[in-house]
Amino acid sequence: MSKKSLSVILMICLLSGVSINSYGAKKKNIPDLRPVPGVVVNNREVVINPVPVSIEKTYNGYLNISAGINLDGVPDSYEDDFKGFKISSDGIPVKILNDRNCNLAEDKRGAYRLSIGPDKITISSADEDGIFYGIQTLRQVFESSTKARIDIPMMEINDYPSLKYRGVVEGFYGRPWSHETRMSILDFMGRNKMNSYVYGPKDDPYHRTPSWRQPYPEGEAEKIRQLAERASKNHIDFVWAIHPGGDIRWNKEDYDSLLNKFSSMYDLGVRQFAIFFDDIKGDGTDSKKQAQLLNGIVKDFVKKKDGVKNLIVCPTDYNQGWANASEEGQLSVYGRELDPEVEVFWTGKVVCGDIERESMDFVDSRIKRPALVWWNFPVSDYCKHNLLMGPVYGLDTTLDSTNMSGIETNPMENGEASKSAIYGVADYAWNATAYNPIDNWTRSFSEVMPGAPDEYGTFAIHSCDPPKNYRRNESWNVDTFHYNNYTQDQFESLKKEFQKIIAVEDKMVNEGGNVPLIVEIAPWLVEFTNLGERGLMALDLIKIYESGDKERFNQAYDRLETINNIQNPGYMNYRSGTLKLQPFIDNVLNDLRPARIKN
């Protein structure tokens with residue numbers, strides 16, 4: 001850059017009010033965060049998510065699927081589930097067995113058997129959910145084998161879910177998901193054998209105070225109907241939640257308003273409901289009145305309406321950090337007074353944190369039932385400038401249905417960017433004992449960004465940490481260092497990573513294959529490219545300093561400091577690399593500032 005160009009940039013900084021020293025006020029230290037557990041498994045013949053309970057190679061050899069599959073033996077009611085398969089009369093015959101005596105896993109709903117033999121494919125289950133899940137597994141087997149350009153290895157899969165509820169709760173603060181995003185998420189959930197979608201966005205006015213008593217406008221009601229229908233097609237329970245606690249009056253009028261609202265949602269196709277009492281103060285927090293209201297809803301609505309499933313409640317004391325642990329606390333009141341079929345949400349020891357046995361024992365012993373986990377990850381309403389796209393970990397893999405009835409992940413308002421996390425929670429909830437966090441996360445790249453999985457992975461590994469509250473490891477694939485204490489291998493590795501970062505935006509935008517995701521994260525991608533360029537400039541500055549060329553050093557230092565500050569506002573709004581990469585750049589400027597002053 002010429003001195004004239006540098007002068008122009010400096011003038012822009014002064015006119016825009018950007019402080020030349022806004023970044024470099026303090027040296028930044030990296031917190032000690034635990035490694036992400038698991039190992040990456042390479043060279044798969046097939047990729048299946050969630051990982052099945054049992055896969056056996058009952059036959060030697062492979063099945064040629066080039067001709068596709070033949071559905072002559074499949075009932076018409078299942079044909080829609082085979083959309084996307086290559087269908088041909090010359091294909092491999094597929095047979096569906098609705099075997100009501102098929103007891104694969106102690107009557108766990110959704111259990112199935114998929115047999116890929118030398119001359120046919122058979123899917124059997126005791127229920128329709130199991131048949132649907134078997135088809136989803138077959139779809140993934142076909143797709144991964146096609147991608148790997150191999151025939152399908154013949155096998156038998158015996159599979160069943162670990163937890164009753166496996167899903168997503170749209171329960172964050174901020175901009176609710178669009179209708180299109182919700183439909184996309186429901187399809188993604190169905191593909192990955194999730195079965196519960198809780199609709200409770202905090203900023204839907206008809207969900208919470210003050211408008212929860214009011215009916216949805218016609219257009220919004222139609223969207224709810226479409227969501228319930230799409231959920232049903234994906235074998236997902238669409239759970240509509242209401243949040244009345246902010247101004248509930250505990251009288252018959254408000255009770256009738258609840259019943260009327262639920263009835264209107266029932267008419268739109270909703271068959272499961274939730275009542276949230278979280279994040280409120282005042283009269284709405286009364287534990288006994290909450291339990292009384294919930295029991296009334298069960299008696300007057302849930303048990304009277306055809307097909308309605310268990311009511312779900314989010315208590316005011318929804319985490320151990322502020323729950324009253326005494327016999328008079330809300331959780332104990334629920335345990336004594338609340339209908340035993342009502343499911344109770346729980347976030348763990350704190351609002352955003354790991355799910356551990358100790359916190360599950362704490363809540364279960366009080367509510368007298370396994371709690372339903374509301375896991376506040378990758379929700380980012382407390383760190384809106386960061387995307388949380390890292391692996392799903394911090395979930396105890398020894399927990400089962402005796403400890404928790406299920407888990408619902410609360411995602412970001414960036415729905416497409418939340419899919420890697422949803423992919424991981426689906427895997428954990430189905431087969432916790434086999435859950436491999438780092439491997440699952442790596443597998444998700446091809447699912448979310450099929451045309452640029454490596455570039456997506458580069459973006460994701462540097463977009464993990466909040467950087468507050470529920471801290472997550474980030475950028476663990478590289479070492480950062482101080483300007484006067486590094487090896488050449490460390491230098492070259494970090495340089496290569498910054499070069500990869502610069503290439504991410506172009507590849508994902510032009511070849512990624514997920515336009516909605518690109519639209520969501522476009523500003524972050526721009527700043528990510530800038531981050532990579534600043535990183536290379538910082539590395540160059542170190543080498544110029546080492547050369548002893550004072551004039552070049554002064555120019556390079558001023559250029560990096562200026563650009564760092566010009567890009568500061570954009571970066572602070574759309575951050576990545578906050579744990580290690582941007583601190584590396586800041587530390588280079590801080591540590592070398594005395595050399596610039598001396599010269």
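These numbers were taken from a predicted model, which means no experiment stands behind them.

Chemist: Pulling in residues and values, what's your account of the sheet that holds strand 1 (residues 54-56)?
Modeler: Taken together, six strands build an open sheet; the order of strands is 1-8-5-6-4-3 and the sheet is mixed. The sheet is open, and its two edges are formed by strand 1 and strand 3 (69-70), each paired on a single side. Pairing analysis gives four bridges linking strand 5 (residues 112-116) to strand 6 (residues 121-125), with the strands arranged antiparallel. Of the residues in strand 6, the one forming a bridge with Ser 115 is Thr 122.

Chemist: I'd like a rundown of helix 6 (residues 287-302), residues and numbers included.
Modeler: Buried residues of helix 6: Ser 287, Gln 290, Ala 291, Leu 293, Leu 294, Gly 296, Ile 297, Val 298, Phe 301 and Val 302, and no others. Of the residues flanking the start of helix 6, the one acting as N-cap is Asp 286, its side-chain oxygen 3.1 Å from the backbone nitrogen of Lys 288.

Chemist: Break down the environment of Phe 498 for me, citing the residues and quoting the values.
Modeler: By secondary structure assignment, the location of Phe 498 is in helix 12 (residues 488-511). For Phe 498, a relative accessible area of 0% translates into the label buried. C-alpha separation for the pair Phe 498 and Thr 529, spaced 31 residues apart in sequence, amounts to 8.9 Å. Excluding anything up to four places from it in sequence, Phe 498 contacts Leu 531, Gly 532, Gly 535, Leu 536, Leu 539, Leu 581 and Phe 584.

Chemist: Account for the packing of aromatic side chains, naming residues and giving values.
Modeler: All told, the structure shown has 39 aromatic pairs when counted by the stated rule. The interplanar angle of 75 degrees and the centroid separation of 6.1 Å between the aromatic rings of Tyr 216 and Trp 240 together place this pair among those described as edge-to-face. With Tyr 216 in the loop between strand 10 (196-199) and helix 4 (218-233) and Trp 240 in strand 11 (residues 237-242), this residue pair connects regions lying 24 residues apart in the sequence. Comparing Tyr 216 with Trp 240 shows no difference in burial state: the two are buried.

Chemist: Give me the pattern of salt bridges: which residues, what numbers.
Modeler: Taken as a whole and assessed by the stated rule, the structure comprises 37 salt bridges. Measuring nitrogen to oxygen at the nearest pair gives 2.8 Å for the salt bridge that ties Glu 170 to Arg 182. Of this pair, Glu 170 sits in strand 9 (residues 165-170) while Arg 182 sits in helix 3 (residues 179-191), placing them twelve residues apart in sequence. Assessed through its relative accessible area of 9%, Arg 182 is described here as buried. The partner of Arg 443 in a salt bridge is Asp 439, and the shortest N-O contact between them spans 3.3 Å. Of the two residues, Arg 443 and Asp 439 both sit in helix 10 (residues 437-448), four residues apart, roughly one turn of that helix. Residue classification places Asp 439 among the buried positions, given a relative accessible area of 6%. It is possible to trace a salt-bridge network through shared partners that takes in Arg 213, Asp 247, Arg 249, Glu 253 and Asp 254.

Chemist: Help me get a handle on the sheet that holds strand 10, residues and values and all.
Modeler: If you trace the eight strands once around the closed barrel, you get 9-10-11-12-13-14-15-16, paired in parallel fashion. Here the average twist between neighbouring strands, direction ignored, is 25 degrees. The pairing of strand 13 (residues 312-314) with strand 14 (residues 343-346) spans two bridges and is parallel. Looking at strand 14, one finds that Ile 312 is bridged to Glu 343.

Chemist: Would you mind going over the state of the cysteines in detail, with residue names and values included?
Modeler: On inspection of all chains with the given rule, the structure shows zero disulfides. Note on Cys 352: no disulfide assigned, nearest cysteine sulfur contributed by Cys 383 at a separation of 8.2 Å. Cys 464 takes part in no disulfide bond, and the closest cysteine sulfur to it belongs to Cys 383, at a distance of 12 Å. Look at Cys 464 and you get buried, because its relative accessible area is 1%.

Rules used throughout
Residues numbered from 1 in each chain as written. Predicted model: local features only at pLDDT ≥ 70, side-chain atom pairs only at ≥ 80, totals over all residues. Heavy atoms only, no water. Pairing = 2+ DSSP bridges. Helix = DSSP H or I, 4+ residues; strand = E, 2+ residues; numbered from the N terminus. Buried < 20%, exposed > 50% of the residue type's maximum accessible area, 1.4 Å probe, protein only. Polar contact = N/O pair within 3.5 Å; in protein donor to acceptor, adjacent residues only side chain to side chain. Contact = heavy atoms within 4.5 Å. Phe/Tyr/Trp six-rings, centres within 6.5 Å; stacked < 30°, edge-to-face > 60°. Salt bridge = Lys/Arg side-chain N within 4 Å of Asp/Glu carboxyl O. Axes fitted to C-alpha atoms, helices over the stretch in contact; angles between N-to-C directions. Disulfide = S-S within 2.5 Å.

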